[in-house]
Amino acid sequence: MYYNCSIVDDEQHAIDALNDYINEIDFLKVSSTFNNPLDALKIIGKGDKIDFLFLDIDMDGMAGTELSKHLREKARFVIYASSNLEHEVRTIDPSFECYLGKPISMKRFTNTIETLVRLNNLPIKN
C-alpha cells in the first residue's frame, strides 16, 4: 500500500528535494508534481484523491493558501512547505495539518509524515 503525494511549488529545486524525500519513505509515492498552481488546480481538481498534498505558499498565479481552499476536498492532508513563518500561515489558513519550514531537512520531513500516519492510525503495508 502506498500513499500518493502531490507537490506544488514554483521552484524546481524545492520540488526535487521533496520528491527525493518522498522516495526515501517506503509507503509514499509521488503521483504528480506541478510548478504552476493553476495547472495543479486543473489536473488535481479532476483527478483522484491525494493523501499528502505539499504546497508552497508564495507562488506566481495563485498562493498555496488559495489553492488549498480549492483542493481541500481532494487531499487527506495539506502540508505547507514554505519559507513563510508558521504563525503567519496559521493566520491565513488555520485548517492545514502541517508546516515544513524551508529549507526542509529529511529528519523534519520524516517526523512530520510519521506523526500524521501515527495520529491518524493509517496502515503501513508494502
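The coordinates are above.
A short tour of the structure in this document, coming up. Since the model is a prediction, treat every value here as computed from it, not as a measurement.

On to unusual backbone geometry. Trans is the prevailing form of peptide bonds, just as negative phi is the prevailing case for residues other than glycine. A cis geometry characterises the amide bond from Lys102 onward to Pro103, with omega recorded as -5°. Mapped onto the fold, Pro103 is located in the loop between β5 (98-101) and α5 (106-119). Positive phi outside glycine occurs at Asn121, with the angle close to 50°. In this structure, Asn121 sits in the segment after α5.

Next up on the list: the environment of Leu67. Locating Leu67 in the fold gives a position in helix α3 (residues 64-71). Considering only alpha carbons, one finds Leu67 and Ile57, ten residues apart in sequence, at a separation of 9.0 Å. For Leu67, the contacting residues outside a window of four places in its chain are Val8, Pro37, Ala40, Leu41, Leu55, Met59 and Met62.

Bridge count for strand β1 (residues 3-8) against strand β2 (residues 28-34) is six bridges, and the pairing is parallel. The partner of Ser6 across the bridge, within β2, is Ser32. For the handedness criterion, the β-α-β arrangement of β1, helix α1 (residues 12-23) and β2 is classed as right-handed.

About the cut-offs
- Residues numbered from 1 in each chain as written.
- Predicted model: local features only at pLDDT ≥ 70, side-chain atom pairs only at ≥ 80, totals over all residues.
- Heavy atoms only, no water.
- Helix = DSSP H or I, 4+ residues; strand = E, 2+ residues; numbered from the N terminus.
- Contact = heavy atoms within 4.5 Å.
- Pairing = 2+ DSSP bridges.
- Right-handed = clockwise from strand over helix to strand, strands pointing away.

Honestly, it's all geometry; don't read function into it.
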